[in-house]
Structure formats: structure tokens, C-alpha cells
Amino acid sequence: MNQQPFWQRPFTWIFGVFIIFFIIAMIFTMHNERFYNIPIGQIVSEHTSHGESVEDDHHNKDIKYKQHFTIKILNGSHRDKTVDINHNYMKAQVDSERFEKGDKVLLHTDDAAKSVYIIEKKRDTLVVFMTGLFLLTIIWVGKRVGLQSILSLILNTVAIIAAIALHSTNPHLNLFALMVAAVIVSTVITLLLVTGWTLRTLVTITSTLLGTFVSIGLMQLIIRFTNGEGLKFETLGFLTMPPKEVFLASVMIGSLGAVMDVAITIASGMYEILRRNPDISATRWALAGRNIGQDIMGTMTNILLFSYLSGSLPMFLIYLKNANTITYSISMNWSLEISRAITGGIGIVLTIPITILLMEVWLKMRGVKR
Amino acid sequence: MSVTTLLGLVLFILMIVFGGKKGLISFFTLFLNFIILLITVVIIMLGAPIYLVMGVFCITIAAVNLFVLNSYNTKTKAAFISTIITTLLLVFAIYLAVSTGDLQGFTAEQQDETYVFSMNIGINMVQFMVFTTVLAVIAAVIDLAITISSPMYELYETKPDLSRTQLIYSGMRVGREILATSANTIYLAYFGGQLTIFFWFFKLNYSLGHIINSKLFVQEFISILFGGIAVALSIPITAWITAWLIKTTNKGNDQSHSSYME
């Protein structure tokens, strides 16, 4: 353990510089209106009328509030002008927001600053604060590993966003092929960063990619075999391109992390067993790998299931509240999410024997070298 | 047969082939988790207080995945307490972020999909978003907690004279080893799940200033960040709780053991 007093450790200094940097960045976002092209205003006075009960066709009760704001514009050609606007919101705030005095908002204005309405709340301070909190928590807990994790997250994002950007500038390129390339790049980068450059890393890279691609291939086969029965591609939100291609790409990205996790856990667990017990028979060794795999396949699939379902919960709730049956709401909102999670699960389970097999090959190769 | 049924069947067969009895249990736990979630959402839909329902949901899910899938012992008990504490801290932080940023509910860009529905549903969407954000990470927190607490306990069994600080230190080491992969798992799962939104940003032609203030982007961004924060935060919490629990529950045993030896 480190015996230096905490203020002499280089880590404390790096951490301190990080905190100061984020505090400065946050203060900057509180006063950065002049750098925006969009008009920004601050609510200087606010009046909310008494709520008015409303009931929709499905007997859902909500309360409607009317707000009246005086907004002072902080930048652009209408700087320092004040405008009065009306705004409505519902108590549940499903698709409306309640604003308060002091809130800064992004505005839409015409040339005379007559018809003004609020586009968005100004959220950049929150974004900076949360980014800081995220980075600091990961670095504080993980130290050097924390930095590696952040680096791999950033590089993964760059790889995926680059594939999307390439596709949107050159729509003739095959989206799925671009995503496959992004997946290969981010797998190699992540595993090199996390486990370092050894022959074992090659094992985890190969088994991750095999596990991911085989499960995606299987899914494509099943979709073709059943003509995509029961999959409501049209419910995939924000669609601007062929839904099946987008869906397969999203399944691939989504299961990649879990499959990688399984490959690493099994490979390093088996390596640890071999280190402690170098004379273990190949069969016993494979069995030990299988035991590790059995312990994690359920929980890993569950991580995917909950993560996917959480994104579609608000829409699911709206369906239920609009007097749709549970089965209809599930088929409209969750058919894609559940298929996604199951495909990820298939990838996870398939990665177990693939990794074990490749570890056996690795042992043979190592034996030959020796 | 529908795609989902066929995929489910393939997963079922694969889990049994490669997982045996444990695979069968895993498959049914997965199914049980889904049913618990469905019932929870229906109860919220009927108007029950969301935070209360969420508390019961978290306790049930943690209990099912720790005590039923494994068994009731010091390891799972430590993982259970750590999961609940991490989740409580998260709920507080998520609530602050969602309410200061007005991140709840649907965005203006989603109106194409939502205009056919009545949106005055009378369910507090700030609280509901806290629930969905917790849901996205709770499985990962449970997984991490048990992965840290069980080697700590095994280490204690081989070396019972380790101090609490040494136990915490070893737990932190185990946690750090899996931090990168766990953060990656939850991150890519979220990214994959919401990939269509990222396609959209390239079609919208928003300015950078508009994107980083838009509810659409900030909602996704904050959820991803909370995934990472949850994973990182659960490591020291689990290491600390496990060491504490091992030392307090086994104190009596140690003494009786030593007096017996005398």
C-alpha cells in the first residue's frame, strides 16, 4: 500500500487539477450566453395560475397549469430586451416542463422579438457537472484502471459515431458493414487497453467477435426464416433508414460489451486456475471454464434485458394509460427489446464454449513454444 | 412462430446444453425478472406511489437474483446490502439531475410518435424517470456486488486473520479488475439500445449549442453517465460492507473457535 501522506501522492494532484478544471468549466457555462447563436433568455418573473383539472377519454386525470413569464434576453441583437410569454404545463410533465424564476432557456424569436417561445431549457451546466461527477467517480475508484476505462469508452464512442457519420455522409455505404468494422475496432482497442498485449488477448478478441457475429447471424437467419413475424420494426423510434439494418446494428453494439465481459471473465479465470494448478488435465480445465460461464450467463443476460426495457418504459406506460391491453402494449413496445436481449443472451452463452475451446488451443500453442 | 419465441427457444436450449441445471435456473430467473418488472409497471400504471413501488421492486429483484439464484449466506447478504445502499445513493442523485434539468418524459422530437396518444396521464414523470434510470443499472450493480463479495469471503476463509482494512483493500482490487469491462458492458448495452437516436442527430442538423441543451441528448447522456457512476460507486461500497459484515458476523465464531481450541 502507498505509505506517502495523501497530499504528496501524484494521484491527489491529478485529482485536484481535475476538480478545479470542472469547477471553472461549470462557472463558464453559467456565463456563456454570448457564445451562443441561439437567443437565450432568463426568466426574471414568473406567475403560475391555479391548476385546472383535465380528464382525457380514458379517464386519466391531470392538472393543467398556465404560466406567465417575463424573460430578459441575454444575447444577440435583442440583448437586454424583455419579452412576456405564456406557457402551459401538465402536473405529470409527460411532454411539458415547469419552469421557475431564474431558469435560463433557449428561445425562438423572430426579427422583431414579437413571437417568442421556449425551445429548450439551458442544460449545459448540468451536462458539464455530470460529466465531471462521472469522470471523478471512475478515476477515484479505479485510479489507473479508471483512466483506462474512460479512454476505452471514449474510443468506443468515436468508433461507433464515426461509422454513423460515414454512413450519413455516404449513404451508399452499407451501414451494417460499417458497424461490423466499428465493432472490430472497438473490441481490439478495448481488450488491448484492459488486458494488455499478450497471446491471451488474441483469444478474447477472437471469441468476443465470434460470439457476437454468430449470434447476430443466427438472429438474421431466424428473421429470414420467420419473415420477421412479431417484430414491430415500425415502432423503432427516430427512423430515417431501413429499420432491419439499423436494428441488427443496434443488437450487435448492444451485446458486444456483455459478450466481451464474458470472454474476459472466462479467459482470465481459466488462466488463474492454470497458474495455481499447472498440471490440471485438459478436461478438468474445460470443466472449470464451464463452471465460471454457468455462474455468469444468467446475470449478464439480465443486465441486457433490464437496460433495453428501461428505454422503452415511458412509451409502454403511455400505451397502457391509453386503454391498450397489456399484450398489445408488450407486442408494440417490447417485441424488439426482448428479441435484442435474447440475442445478446445467445451471444453470451455461445461465447462460453468458444472461449474455452480457444483457451485449449492457446495452451497447446504455448506448450509447443516451450 | 414469431421471432421472439424462436429466439427464446434457441436461448433456452443453449442455456441447458452449456449450463445444465444452472442454465435452466438462469433461464427461469430471467423470465421471473421480466414478470416482476411487468407487474411493477402495471402497479405504477394503476397509480401506486412510484418511490414505494420502486423500493419494493429493487428489494425483490436483488433478493431473487442473489438469494434464489445463489443461496442465503454472508456473501449474498453483503451483496444485497451493498446493492440497496448503492441504489439509494443513486436514486437521490438521479432525482436531483432529472429535476434540475427537466429531463423527464418525452421530447419535442418524439411528437411524431406520441401525437396520437393522450399524454395527460397523471403519473409523475420525474419519479418515473428515476425508476427507469435505476432499472437500467440495477442488474449491473447486483452482478458487480456478488462478483466482489464472493472472492472477499473466500479470501477470508483461507486467511481468517486478515484485518478489515486488508479485506477492503483486496475487495477494491477485485473491483478495479472488473471496473473497465463492467462499465463497458452497461455503456454499450445502453448505446446499442438507443442507437437510433444517435442516427437522428446527424439528420437533424442541430447546432452544437442546441444539441448539448436538448432534452433528447441530455436524457440519453445523463443515463449513460449514471450507468458508469453506479458501477464505479458500487465497488467501494461493496468492499466496505462485505468487510464489515464478515468481521461482525464472524466475530462470535472466531472467539468461540479460539476458546474451543484452548
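Student: Explain the confidence of the model for chain A here, please?
Tutor: Reading predicted coordinates in detail is not appropriate for stretches of low pLDDT. Scored by pLDDT, chain A comes out at a mean of 88, with 97% of its residues at no less than 70. Strand 2 (residues 52-55) of chain A is the least confidently modelled element of chain A, averaging 86 in pLDDT, while helix 2 (residues 124-142) of chain A averages 93, the highest of any element.

Student: Honestly, the interface of chain A and chain B in this entry has me stumped. Any pointers?
Tutor: Of the residues lining the interface, 123 residues belong to chain A; the matching set on chain B comes to 108 residues. Between chain A and chain B, the buried area comes to about 10,300 Å², and carbon and sulfur atoms account for 74% of it. For the pair chain A and chain B, the interface holds 3 salt bridges. Asp295 of chain A serves as the salt-bridge partner of Lys22 of chain B, at 3.0 Å between the closest nitrogen and oxygen. Counting across the interface, chain A meets chain B through 29 residue pairs in polar contact (both at pLDDT 80 or more). The element best represented in the side of chain A that touches chain B is helix 7 (residues 282-321) of chain A, accounting for 27 residues.

Student: When you look at the layout of surface pockets in this model, what are you seeing that I'm missing?
Tutor: Empty space among the atoms becomes apparent when a probe as large as a water molecule is rolled across them. Counted as a void, the second largest pocket has a volume near 850 Å³. At the level of secondary structure, the elements contributing two or more residues to the lining of the second largest pocket comprise helix 7, helix 8 (326-333) and helix 9 (335-369) of chain A together with helix 4 (111-114), helix 5 (125-158), helix 6 (164-193), helix 7 (195-204) and helix 9 (215-249) of chain B. Split into classes, the residues belonging to the lining of the second largest pocket amount to 19 nonpolar, 17 polar and 6 charged.

Student: Would you mind going over the nonpolar core with me for this structure?
Tutor: Soluble, globular proteins show a tendency: their nonpolar side chains are buried together. Membership of the largest hydrophobic core comes to 183 residues, with the highest contact counts inside it found for Met179, Phe306 and Trp334 of chain A together with Leu37, Phe57, Phe131 and Leu195 of chain B. With 22 residues, helix 5 of chain B is the single largest residue contributor to this core. Excluding its chain neighbours within four sequence positions, the residues that come into contact with Met179 of chain A are Ile160, Ala163, Ile164, Ala249, Met252 and Ile253 of chain A together with Leu195 and Phe199 of chain B. One finds Ile43, Ile71, Val105 and Ile118 of chain A within the second-largest nonpolar core, a separate group that totals 11 residues.

Student: Which parts of the structure should I look at to understand the packing of helix 1 (residues 3-45) of chain B against helix 2 (residues 50-68) of chain B?
Tutor: For any two helices packed against each other, the geometry is given by the interaxial angle and the distance between the axes. Residues and elements named next belong to chain B. Between helix 1 and helix 2, the least distance of the axes is 10 Å, while the angle of their chain directions is 170°. Between helix 1 and helix 2, the crossing angle belongs to the class labelled roughly antiparallel. Residue-level inspection shows Thr29, Leu32, Asn33, Ile36, Leu37, Thr40, Ile43 and Ile44 of helix 1 in contact with helix 2, the latter providing Ile50, Val53, Phe57, Thr60, Ile61, Val64 and Asn65. For the contact of helix 1 with helix 2, the class distribution of residues is 10 nonpolar, 5 polar and no charged.

Student: Would you mind going over helix 7 of chain B with me for this structure?
Tutor: Since one α-helical turn is 3.6 residues long, residues separated by three or four positions face the same way. Burial analysis of helix 7 of chain B places 7 of its 10 residues in the buried class, the great majority of the element. Where helix 7 of chain B is buried, its residues meet helix 3 (144-169), helix 4 (175-195) and helix 6 (243-276) of chain A together with helix 6, helix 8 (208-213) and helix 9 of chain B. A positive phi of about 55° marks Asn205 of chain B, the residue just after helix 7 of chain B.

Student: Before we go on, may I ask you to explain the packing of aromatic side chains in this structure?
Tutor: Within the structure shown, the criterion is met by 24 aromatic pairs over all chains. Consider the rings of Phe316 of chain A and Trp334 of chain A, whose centres lie 4.1 Å apart with planes at 15°: the pair is stacked. Of the two residues, Phe316 of chain A is situated in helix 7 and Trp334 of chain A in the loop between helix 8 and helix 9; the sequence distance between them amounts to 18 residues. Each of the two residues, Phe316 of chain A as well as Trp334 of chain A, counts as buried. Judged by centre distance (6.1 Å) and plane angle (45°), the rings of Tyr319 of chain A and Tyr328 of chain A are tilted. Each residue in the set Phe306 of chain A together with Phe57, Phe128 and Phe131 of chain B is aromatic and connected to the rest through ring pairs, giving one cluster. Geometry around Tyr271 of chain A places Arg200 of chain A over its ring, the cationic atom sitting 3.9 Å from the centre. We note Arg340 of chain A situated over the ring of Tyr308 of chain A; from NZ or CZ to the ring centre the distance is 5.5 Å.

Student: Can you help me understand the environment of His78 of chain A in this one?
Tutor: Residue and element names in this part refer to chain A. Along the chain, His78 turns up in the loop between strand 3 (61-73) and strand 4 (82-90). Separated by 34 residues in the primary sequence, His78 and Ala112 place their C-alpha atoms 8.4 Å from one another. In this structure, His78 is in contact with Ile73, Thr109, Asp110, Asp111, Ala112 and Ala113, ignoring residues within four places of it in sequence.

Student: Please clarify how the packing of helix 1 (residues 10-30) of chain A against helix 2 of chain A should be interpreted in this entry.
Tutor: Residues and elements named next belong to chain A. Packing of helix 1 against helix 2 leaves a shortest axis separation of 9 Å and a crossing angle of 170°. Comparing the axis directions of helix 1 and helix 2 gives the class roughly antiparallel. Counting all contacts with helix 1, which are made through Phe11, Phe15, Phe18, Ile19, Phe22, Ala25, Met26, Thr29 and Met30, the residues of helix 2 involved are Asp124, Thr125, Val128, Phe129, Thr131, Gly132, Leu135, Leu136, Ile139 and Trp140. For the contact of helix 1 with helix 2, a count of residues per class yields 14 nonpolar, 4 polar and 1 charged.

Student: Before we go on, may I ask you to explain empty space enclosed by the protein in this structure?
Tutor: Following the criterion strictly, the structure yields 2 cavities of 30 Å³ or more and no others. Estimated volume of the largest cavity: approximately 40 Å³. Those elements that place two or more of their residues in the lining of the largest cavity are helix 5 and helix 6 of chain B. With 3 residues, the single largest contributor to the lining of the largest cavity is helix 6 of chain B. Estimated volume of the second largest cavity: approximately 30 Å³. Lining the second largest cavity, in full, are Thr299 and Asn302 of chain A together with Asn65, Ala139 and Ile142 of chain B. Sorting the residues of the lining of the second largest cavity by element identifies helix 7 of chain A together with helix 5 of chain B as the ones contributing at least two each. Tallied by class, residues from the lining of the second largest cavity come to 2 nonpolar, 3 polar and no charged.

Scoring rules and cut-offs
For every chain, the first residue of the written sequence is number 1, and numbering continues from 1 onward in sequence order. All chains are assigned letters beginning at A, and all ligands numbers beginning at 1, according to the order in which they are written. Totals for whole chains, interfaces and linings use every residue, but because this is a predicted model, local features are given only for residues with pLDDT of at least 70 and side-chain atom pairs only at 80 or more, for both listing and counting. The side-chain numbers reported here are obtained from all heavy atoms of the structure, hydrogens and water having been left aside. In predicted models, pLDDT denotes the confidence assigned by the predictor to each residue on a 0 to 100 scale. Helical segments are the DSSP runs of H or I of at least four residues, strand segments are the runs of E of at least two, and each set is numbered from the N terminus. Whether two residues are in contact is decided by their heavy atoms, any of which lying within 4.5 Å being enough. The buried area of a pairing is the accessible area, by a 1.4 Å probe, that goes missing from both parts when the two are put together, added over both. The working definition used for a salt bridge is a side-chain nitrogen of Lys or Arg within 4 Å of a carboxyl oxygen of Asp or Glu. Any pair of N or O atoms that falls within 3.5 Å is considered a polar contact. Within protein, one atom must be able to donate a hydrogen and the other to accept it, and sequence-neighbouring residues count only if both atoms are side-chain atoms. Any residue with an atom within 4 Å of a point lines the site, the site being either a cavity, points on a 1 Å grid over the protein atoms alone where a 1.4 Å probe fits but cannot get out, or a pocket, an open set with protein on both sides within 12 Å along at least 5 of 7 lines. Grid points are joined across faces, edges and corners, and a volume is the space filled by probe spheres set on the points. Under the scheme applied here, ten amino acids are nonpolar (Ala, Val, Leu, Ile, Met, Phe, Trp, Tyr, Cys and Pro), four are charged (Asp, Glu, Lys and Arg), and all others, including Gly, are polar. Only buried residues count toward a nonpolar core. Its members are Ala, Val, Leu, Ile, Met, Phe, Trp, Tyr and Cys residues joined through side-chain atoms within 4.5 Å. For each residue, the accessible area found with a 1.4 Å probe, counting protein chains only, is set against the maximum for its type, and the residue is called buried under 20%, exposed over 50%, and partly exposed in between. Note on definitions: angles span 0 to 180 degrees between N-to-C directions of axes, and those axes are lines fitted to C-alpha atoms, for helices only across the stretch in contact. Angle categories: roughly parallel below 35 degrees, roughly antiparallel above 145, roughly perpendicular from 65 to 115, and oblique for all the rest. Ring pairs shown here join Phe, Tyr and Trp side chains whose ring centres sit within 6.5 Å, with only the six-membered ring taken for Trp; geometry is labelled stacked below 30 degrees between planes, edge-to-face above 60, and tilted in between. Whether a charge sits over a ring comes down to the Lys NZ or Arg CZ being within 6 Å of the ring centre and within 35 degrees of the ring normal.

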